[in-house]
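The primary structure of each chain is shown beneath.
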Amino acid sequence: MYDFDYRRPKDLSEAGTLSRRDDFKVLAGGMSLIPVLKMRLARYAGIVDLGALDALKGIRRDGDAIAIGAMTPHAEVAASEEVARAIPGLHQLASGIGDPLVRNRGTLGGSIANADPAADYPAGLVGLGATVVTDRRAIAADDFFTGLFQTALEPGEIVREVRFPVPQASAYSKLKQPASRFALVGVFVARTSTGVRVAVTGAGPSVFRFEAAEAALGKSFDPAALEGLALDAAGLNTDIHATAEYRAHAVKVLTARTVVKCHCEERSWRSNPETLDK
Ligand SMILES: Cc1cc2nc3c(=O)[nH]c(=O)nc-3n(C[C@H](O)[C@H](O)[C@H](O)COP(=O)(O)OP(=O)(O)OC[C@H]3O[C@@H](n4cnc5c(N)ncnc54)[C@H](O)[C@@H]3O)c2cc1C
């Protein structure tokens, strides 16, 4: 690790001023950034630790959305009854990230700013049509992830929170890469008042929507609606773990399974209506 200037600001405006400095980088859980520094893959003049910014932590219901602070660790999202009741798919997603150490240190903001092609949260954000709120503006999830490890964030821009609209039903499924537990393929399905959204992570260089499945499921929200559909493998990832063709097939299988999970959630709401938030 090279020497760097370490700062731990007490408020967001000080953090913003520091993060805009040339060659300064913000630090959240450090699960991705610290190894990069340790392995000398990158060098920064300064590190701006967001750990003291309590305003960036926590989960709250805000109208028809659940707002989650950027510095909220995955374990807190997984443990939140509010999230489990309102957006079961988000609870499933956070519960399946890495292992307990990763879930206790890794944060929502760090995960989405990092934009790893195999990360789980991008599927949740795009699947739910979430909004990323930064210290400068609001960005629709559909516009946030722009490529492999690329986002719409400008240099020094800090994610404050993500607003997840509460859907009618939602579920997440992933095929884990067994060593890292990242998603070989992950599929988030949400049924909303404006239609069905299906977001896929792990299969391509960045999260994407499976639009043919969205159209079919919009007509009939049933796994049978996916019969005859195929996802084109062109442009999908091929690596030592799986070919593009394997991933394309897995996306279709997981989408069908995730629709079944959504139906299970809806049935459980019907038998326990007091858990139905919306
Ligand atoms: C062994 C292991 C297994 C993992 N398994 C999974 C998995 O199964 N699924 C999964 O999704 N992820 C997985 N992860 C990733 C992990 O969950 C973290 O989300 C990820 O490492 C980054 O989060 P962090 O909070 O640690 O961010 P950091 O490492 O601190 O930062 C990552 C990047 O985000 C930037 N950043 C951080 N916070 C903000 C902010 N608020 N605004 C702007 N930029 C910001 C930093 O500058 C840096 O560029 C795994 C990680 C490890 C080490």
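Residues numbered from 1 in each chain as written. Predicted model: local features only at pLDDT ≥ 70, side-chain atom pairs only at ≥ 80, totals over all residues. Heavy atoms only, no water.

## A word on the overall build of the protein
- If you tally the helices and strands in the protein, you get 11 helices and 14 strands.
- In terms of overall size, the protein behaves like a compact globule, its C-alpha atoms giving a radius of gyration of 19 Å where 278 residues would be expected to give roughly 19 Å.
- Along the three orthogonal principal directions, the C-alpha set of the protein runs to about 55 × 45 × 30 Å.
- The buried share among the 278 residues of the protein stands at 50%.
- A separation of at least 24 residues holds for 60% of the contacts in the protein among residues at least 6 apart in sequence.
- Counting every atom, the protein has about 12800 Å² of accessible surface; 51% of that belongs to carbon and sulfur.
- When the 33 positive and 33 negative side-chain charges of the protein are each reduced to one mean point, those points stand 2 Å apart. (Helix = DSSP H or I, 4+ residues; strand = E, 2+ residues; numbered from the N terminus. Rg over C-alpha atoms; globule rule 2.2 N^0.38 Å. Buried < 20%, exposed > 50% of the residue type's maximum accessible area, 1.4 Å probe, protein only. Contact = heavy atoms within 4.5 Å. Areas by Shrake-Rupley, 256 points an atom, 1.4 Å probe, with all protein chains shown as cover. Lys, Arg positive; Asp, Glu negative; His and termini not counted. Charge placed at Lys NZ, Arg CZ, Asp CG, Glu CD.)

## Brief notes about the pattern of salt bridges
- For the structure shown, the criterion picks out 15 salt bridges.
- The residue K174 makes a salt bridge to D120 at a minimum N-O spacing of 2.9 Å. Here K174, found in strand β11 (residues 169–176), pairs with D120, found in the loop between α7 (108–114) and α8 (121–128); they are 54 residues apart in sequence, far enough to count as distant.
- Taking relative accessible area as the criterion, K174 reaches 18% and is therefore assigned buried. (Salt bridge = Lys/Arg side-chain N within 4 Å of Asp/Glu carboxyl O.)

## With respect to the packing of aromatic side chains
- Following the criterion strictly, the structure yields 2 aromatic pairs and no others.
- Relative to F145, the ring of F144 lies with its centre 4.9 Å away and its plane at 85°, an arrangement referred to as edge-to-face.
- You can call F144 buried: its relative accessible area is 0%.
- Classification of F145 as buried rests on a relative accessible area of 9%. (Phe/Tyr/Trp six-rings, centres within 6.5 Å; stacked < 30°, edge-to-face > 60°.)

## Concerning the environment of G127
- Topologically, G127 is positioned in helix α8.
- Under the relative-accessibility criterion, G127 is labelled buried at 0%.
- The sequence separation of G127 and A171 amounts to 44 residues, and the corresponding C-alpha distance is 9.6 Å.
- Excluding residues within four positions of it along the chain, G127 makes contact with F188, A190, R197 and A199.

## Regarding the site of the ligand
- Surrounding the ligand, one finds 31 residues, the nearest of these being V26, S32, T107, D120 and R181.
- The separation between an oxygen atom of the ligand and a polar side-chain atom of K174 is 3.2 Å.
- Between the ligand and R181 there is a distance of 2.6 Å, counted from an oxygen atom to a backbone nitrogen or oxygen.
- A total of 970 Å² of accessible area belongs to the ligand in isolation, and the protein chains cover 89% of it.
- Per element, the largest residue contribution to the shell around the ligand is 5 residues, and it comes from α7. (Near = heavy atom within 4 Å. Polar contact = N/O pair within 3.5 Å; in protein donor to acceptor, adjacent residues only side chain to side chain.)

## Overview of the sheet that holds strand β4 (residues 59–62)
- Strands sit in the order β4-β5-β10-β6-β7 across an open sheet of 5 strands; the sheet is antiparallel. The sheet terminates laterally at β4 and β7 (138–140), the two strands that pair on one side only. Strand-to-strand, the axes of this sheet are offset by a mean angle of 25°, without reference to chain direction.
- Note: strand β5 (residues 65–69) against strand β10 (residues 159–165), 5 bridges, orientation antiparallel. Looking at β10, one finds that A67 is bridged to R163.
- Running at roughly 55° to β10, α8 makes contact with β6 (131–134) and β10 of the sheet. (Pairing = 2+ DSSP bridges. Axes fitted to C-alpha atoms, helices over the stretch in contact; angles between N-to-C directions.)

## A word on unusual backbone geometry
- In the Ramachandran plot, F149 falls in the positive-phi region, its phi being about 55° despite a non-glycine side chain.
- With respect to the helices and strands, F149 occurs in the loop between β8 (145–147) and β9 (150–151).
- The exposure class of F149 is partly exposed, given its relative accessible area of 43%.
- Phi is positive for R181, close to 70°, though the residue is something other than glycine.
- On the secondary structure map, R181 appears in the loop between β11 and β12 (183–192).
- Accessibility expressed as a relative area gives 37% for R181, which makes it partly exposed.

Keep in mind these numbers describe shape, not what the thing actually does.
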